[in-house]
Amino acid sequence: QVQLVESGGGLVQAGGSLRLSCAASGSSGSVSSINIMAWYRQAPGKQRELVAQITRAGTTTYVDSVKGRFTISRDKAENTFYLQMNSLKPEDTAVYYCRVVRGLGYQNWGRGTQVTVSS
């Protein structure tokens with residue numbers, strides 16, 4: 001099993017930046033089996049959507065609405081991955097969740113961190 005803890009959310013004005021972190025912990029075997037690390041978000045009244053993901057090989061994917069503004073990265077040594085969010089817009093306001101997919105398809109979610117962008 002892998003536990004995920006997000007941090008870095010908060011209130012920021014439009015145009016500002018935030019960096020979210022997701023720290024993974026658990027047995028060494030479980031953590032080392034992580035194949036995909038991803039950030040999702042869910043705004044009030046909307047479905048949860050994939051924002052960005054990075055694979056074990058380093059391939060990144062972004063939803064169109066954040067391309068050029070958000071960057072996903074990872075620190076293998078620290079078992080942590082990040083979402084750098086620049087040029088934030090009010091429509092980026094949501095609860096942000098991190099998720100990992102491990103070998104055999106097992107997945108784990110964090111509890112979420114609130115990001116609020118004021119206009």
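This structure is a prediction, so every number in the text was calculated from the model and none was measured.

## Considering the sheet that holds strand E7 (residues 70-75)
Spatially, the 4 strands line up as an open sheet ordered E1-E3-E8-E7, and their pairing is antiparallel. Edge positions in the sheet fall to strand E1 (2-7) and E7, since each has one partner strand and no second. Adjacent strand axes in the sheet meet at a mean angle of 15°, parallel and antiparallel pairs treated alike. Inspection of the sheet shows E1 paired to strand E3 (residues 18-26) by 6 bridges, in the antiparallel sense. For Ser7, the partnering residue across the bridge sits in E3 and is Ser21.

## Quick word on the side chain of Glu6
Here Glu6 shows up in strand E1. Engagement of the side chain of Glu6 in a polar contact is seen with the backbone nitrogen of Cys98, the distance being 2.9 Å. Reaching out from Glu6, the side chain makes a polar contact with the backbone nitrogen of Gly112 at a distance of 2.8 Å.

## Topic: the packing of aromatic side chains
Any pair of aromatic rings gets described here by the distance separating the centres and the angle formed by the planes. According to the stated counting rule, one finds 3 aromatic pairs in the structure shown. Aromatic rings pair up to connect Tyr40, Tyr97 and Trp109 into one cluster. The ring of Tyr97 has Arg48 lying over it, and the distance from NZ or CZ to the ring centre is 3.8 Å. Seen from the ring of Trp109, Arg48 lies directly overhead, with NZ or CZ sitting 4.7 Å from the centre.

## Description of the environment of Ser119
Residue position: Ser119 is located in the segment after strand E11 (113-118). Residue classification places Ser119 among the exposed residues on the basis of a relative accessible area of 88%.

## Looking at the pairing of strand E5 (residues 49-55)
Counting buried residues in E5 gives 5 out of 7 residues, a clear majority hidden from the surface. Taken together, strand E4 (residues 34-42) and the strand that follows it, E5, pair antiparallel across an intervening segment of 6 residues, in which Gly45 is found at a positive phi of about 75°. When E5 meets strand E6 (residues 60-62), the two strands line up antiparallel, connected through 3 bridges. Across the sheet, residue Ile54 finds its bridge partner in E6, namely Thr60. Between the end of E5 and the start of E6, which pair antiparallel, lie 4 residues, with Gly58 showing a positive phi angle near 95°.

What counts, and at which threshold
Residues numbered from 1 in each chain as written. Predicted model: local features only at pLDDT ≥ 70, side-chain atom pairs only at ≥ 80, totals over all residues. Heavy atoms only, no water. Pairing = 2+ DSSP bridges. Helix = DSSP H or I, 4+ residues; strand = E, 2+ residues; numbered from the N terminus. Axes fitted to C-alpha atoms, helices over the stretch in contact; angles between N-to-C directions. Polar contact = N/O pair within 3.5 Å; in protein donor to acceptor, adjacent residues only side chain to side chain. Phe/Tyr/Trp six-rings, centres within 6.5 Å; stacked < 30°, edge-to-face > 60°. Lys NZ or Arg CZ within 6 Å of the ring centre and 35° of its normal. Buried < 20%, exposed > 50% of the residue type's maximum accessible area, 1.4 Å probe, protein only.

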